[in-house]
Amino acid sequence: EQHLGQFHTMPLSFNRKTEPTPADARNRLAEIASTLDKRQTFLQKKIDDETELAKRSMKSGKQKDALLHLKRKKIFEKEVENLSGTRFTLDQQLLTLESATSSQAAFEALQWGARALEALNKKMDPEKAAILMEQIQDSLDRQAEFSNILGGSIGTVYDDEELLAELELGMAEEVPAIPTKVGLTTQVVPVVEPQYDEEEEFKKLEAQMLAV
């Protein structure tokens, strides 16, 4: 009976001046759920005790006492049933609160993101962006122009085809020669191809054969 009194006199006061935070609500729901679990465990023990007493009374032939214990058992069972319904409601509210907390956190995050994006958009003017791109393109064009100027030829410009034609002409007119030194001067002696006399060579070969 002492447990019954403790449960019914449990303080349920809330500060109405300030709204409870989600964390406070979760803690409060968890506290009440723990209390209900303890109460349900206590009542289940009372039910088991009354069932045992009813059996003993019946074995002793005390039918009235047995009926009294059974009636008390039914009262405890009814309270356990009510506690189970209350416990389910608490669990449901706790889940709903957690879901609402997650939704609130997501909503606040979206709000922060929207504000940050709005602030960035205020700093990024489309007209200023277009002007900036034009300035960058103008700078690139001017740099390309400077590169072309600096990479151009300075002085007389020669024609490659004329230079090659002049080289080929000089090679065609060139006569093969071997250098010789005469005193301190150098002369170029033309190369003369040797003359081959077939009859003279035949006579030399015949003379060599007779001598053998």
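Note: the structure precedes this text.
Only a predicted model underlies this, so the values are computations on that prediction, with no experimental measurement involved.

The rules behind each value
- Residues numbered from 1 in each chain as written.
- Predicted model: local features only at pLDDT ≥ 70, side-chain atom pairs only at ≥ 80, totals over all residues.
- Heavy atoms only, no water.
- Helix = DSSP H or I, 4+ residues; strand = E, 2+ residues; numbered from the N terminus.
- Buried < 20%, exposed > 50% of the residue type's maximum accessible area, 1.4 Å probe, protein only.
- Contact = heavy atoms within 4.5 Å.
- Areas by Shrake-Rupley, 256 points an atom, 1.4 Å probe, with all protein chains shown as cover.
- Phe/Tyr/Trp six-rings, centres within 6.5 Å; stacked < 30°, edge-to-face > 60°.
- Lys NZ or Arg CZ within 6 Å of the ring centre and 35° of its normal.
- Salt bridge = Lys/Arg side-chain N within 4 Å of Asp/Glu carboxyl O.
- Patch = residues over 30% accessible without salt bridge, like charges linked within 9 Å, V, L, I, M, F, W, Y side chains within 5 Å.
- Lys, Arg positive; Asp, Glu negative; His and termini not counted.
- Charge placed at Lys NZ, Arg CZ, Asp CG, Glu CD.

1. Focus on the overall build of the protein
Point 1. In terms of regular secondary structure, the protein is built from six helices and two strands.
Point 2. Going residue by residue from the N terminus, the α and β elements of the protein occur as α-α-α-α-α-β-β-α.
Point 3. Taken over 212 residues, the protein has a buried fraction of 10%.
Point 4. Within the protein, counting contacts between residues at least 6 apart in sequence, those at least 24 apart form 60% of the total.
Point 5. Summing over all exposed atoms, the protein offers an accessible surface of approximately 18900 Å²; the carbon and sulfur share of this is 58%.

2. Details of the packing of aromatic side chains
Centre-to-centre distance and the angle between the planes together describe a pair of aromatic rings.
Point 1. Scanning the entire structure with this criterion turns up zero aromatic pairs.
Point 2. Here the basic side chain of Arg 115 rests over the ring of Trp 112, its NZ or CZ set 5.7 Å away from the ring centre.

3. Overview of the pattern of salt bridges
Point 1. In this structure the tally under the stated criterion is nine salt bridges.
Point 2. Among the salt bridges present, the one from Asp 37 reaches Arg 87, with a minimum N-O distance of 2.8 Å. Of this pair, Asp 37 sits in helix 2 (residues 22–59) while Arg 87 sits in helix 3 (residues 63–123), placing them 50 residues apart in sequence.
Point 3. For Glu 52, the salt bridge goes to Arg 56, with nearest N and O atoms at 3.7 Å. Note that Glu 52 and Arg 56 are positioned in helix 2 at a spacing of four residues, about one turn of the helix.
Point 4. Judged by its relative accessible area of 37%, Glu 52 is partly exposed.
Point 5. A cluster of three or more residues bridged by salt bridges with shared partners is formed by Asp 37, Arg 87 and Asp 91.

4. A closer look at a negative patch on the surface
Point 1. A cluster of acidic residues, Asp 159, Asp 160, Glu 161, Glu 162 and Glu 166, forms a negative patch on the protein surface.
Point 2. Secondary-structure assignment places Asp 159 in the loop between helix 4 (126–150) and helix 5 (160–173).
Point 3. Residue Asp 159 is classed as partly exposed on the basis of its relative accessible area, which comes to 37%.

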